[in-house]
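Reading the structure
The lines below spell out each chain.
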Amino acid sequence: MAAAKGETVSIFLSNQLPDEYEYFELFETTGWNEDYGANPGQLLEVVKRSTYHVSAYAGNRLIGFGRLLSDGLLHAVIFDVIIHPDYRGQGTGKAIMNDLIDKCRLWKIRDIQLFCAVDKVGFYEKCGFVPRPENGPGMEIKIKY
């Protein structure tokens, strides 16, 4: 059950591997899987292969998640920061981002990158990120299987 509008919910963070079905359910709230078509086992494998991950819980319910990949020295990329829609705006995203950034600082990572939707730019700016210039590097290939 979600918190009432404006009600602060008590959350805790964990670095334990989330339950694959709970994670799949949370991931599905993003709409990203419409392109990926990943099943619960595949998504859990992605988490396992990550350099670091953090899950947020309200009681026993998985309500947030974030992960990063890193070479452990120069670069890290943050992926899949997800907050369940019923729990947005209550500090969970900030707590997850602080945890991920703190881990990078501990490792003395020099450059942290991330991808985000246009409507989330303001949130990430509050976390210290700056948008790349329009002529900045960045390309991708999407492959459907």
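Details of the structure are given in the entry above.
This part is about the overall build of the protein chain. Assigned secondary structure in the protein chain consists of 5 helices and 5 strands. Counting helices and strands in the order they occur from the N terminus, the protein chain gives β-α-α-α-β-β-β-α-β-α. In summary, the protein chain has a C-alpha radius of gyration of 15 Å against a globular reference of 15 Å for 145 residues, a match within 12%. Counting across all 145 residues of the protein chain, residues that qualify as buried make up 33%. Long-range pairs, those at least 24 residues apart, make up 63% of the contacts in the protein chain between residues at least 6 apart in sequence. A total of about 9,500 Å² of accessible surface is found on the protein chain, and carbon and sulfur atoms cover 53% of it.

Here we come to the packing of aromatic side chains. According to the stated counting rule, one finds 9 aromatic pairs in the structure shown. Relative to Tyr 57, the ring of Phe 12 has its centre 5.3 Å away and its plane inclined at 20°; by these criteria the two rings are stacked. With Phe 12 in strand S1 (residues 12-14) and Tyr 57 in strand S2 (residues 52-58), this pair connects stretches of sequence that are 45 residues apart. Taking the relative accessible area as the measure of exposure, Phe 12 reaches 42% and is therefore partly exposed. Since its relative accessible area comes to 10%, Tyr 57 is described here as buried. Summarising the aromatic geometry, the rings of Phe 27 and Tyr 36 are spaced 6.3 Å apart at their centres and angled 35° between planes, so their arrangement reads as tilted. By relative accessible area, which is 1% here, Phe 27 ends up buried. Residue Tyr 36 is classed as exposed on the basis of its relative accessible area of 55%. Clustering of aromatic rings is evident, with ring pairs tying together Tyr 23, Phe 27, Trp 32, Tyr 36 and Phe 65.

Within the secondary structure, Asp 80 is located in strand S4 (residues 75-83). Only 2.7 Å separates the side chain of Asp 80 from the side chain of Arg 67, close enough to count as a polar contact. Apart from the residues lying within four places of it in its own chain, the contact partners of Asp 80 are Tyr 23, Phe 27, Trp 32, Phe 65, Gly 66 and Arg 67.

Next up on the list: the pattern of salt bridges. Taken as a whole, this structure holds 3 salt bridges when the rule is applied. Linking Glu 45 and Arg 49 is a salt bridge whose minimum nitrogen-to-oxygen distance equals 3.1 Å. Separated by 4 residues within a single helix, Glu 45 and Arg 49 lie in helix H3 (residues 40-49), roughly one turn from each other. Asp 102 is paired through a salt bridge with Arg 105; the nearest N and O atoms lie 3.8 Å apart. Of this pair, Asp 102 and Arg 105 are both found in helix H4 (residues 92-106), 3 residues apart, which corresponds to roughly one turn of the helix. Note on Asp 102: relative accessible area 43%, which makes it partly exposed. Arg 105 sits in the exposed class, given a relative accessible area of 57%.

A few words on the environment of Asn 15. The residue Asn 15 is located in the loop between S1 and helix H1 (20-28) in this model. Put simply, Asn 15 and Asp 35 are 20 residues apart on the chain and 27 Å apart in space, counted from C-alpha to C-alpha. A polar contact of 2.8 Å, which involves the side chain of Asn 15, links it to the side chain of Tyr 52. A polar contact of 3.0 Å, which involves the side chain of Asn 15, links it to the backbone oxygen of His 53.

Definitions and limits used
- Residues numbered from 1 in each chain as written.
- Predicted model: local features only at pLDDT ≥ 70, side-chain atom pairs only at ≥ 80, totals over all residues.
- Heavy atoms only, no water.
- Helix = DSSP H or I, 4+ residues; strand = E, 2+ residues; numbered from the N terminus.
- Rg over C-alpha atoms; globule rule 2.2 N^0.38 Å.
- Buried < 20%, exposed > 50% of the residue type's maximum accessible area, 1.4 Å probe, protein only.
- Contact = heavy atoms within 4.5 Å.
- Areas by Shrake-Rupley, 256 points an atom, 1.4 Å probe, with all protein chains shown as cover.
- Phe/Tyr/Trp six-rings, centres within 6.5 Å; stacked < 30°, edge-to-face > 60°.
- Polar contact = N/O pair within 3.5 Å; in protein donor to acceptor, adjacent residues only side chain to side chain.
- Salt bridge = Lys/Arg side-chain N within 4 Å of Asp/Glu carboxyl O.

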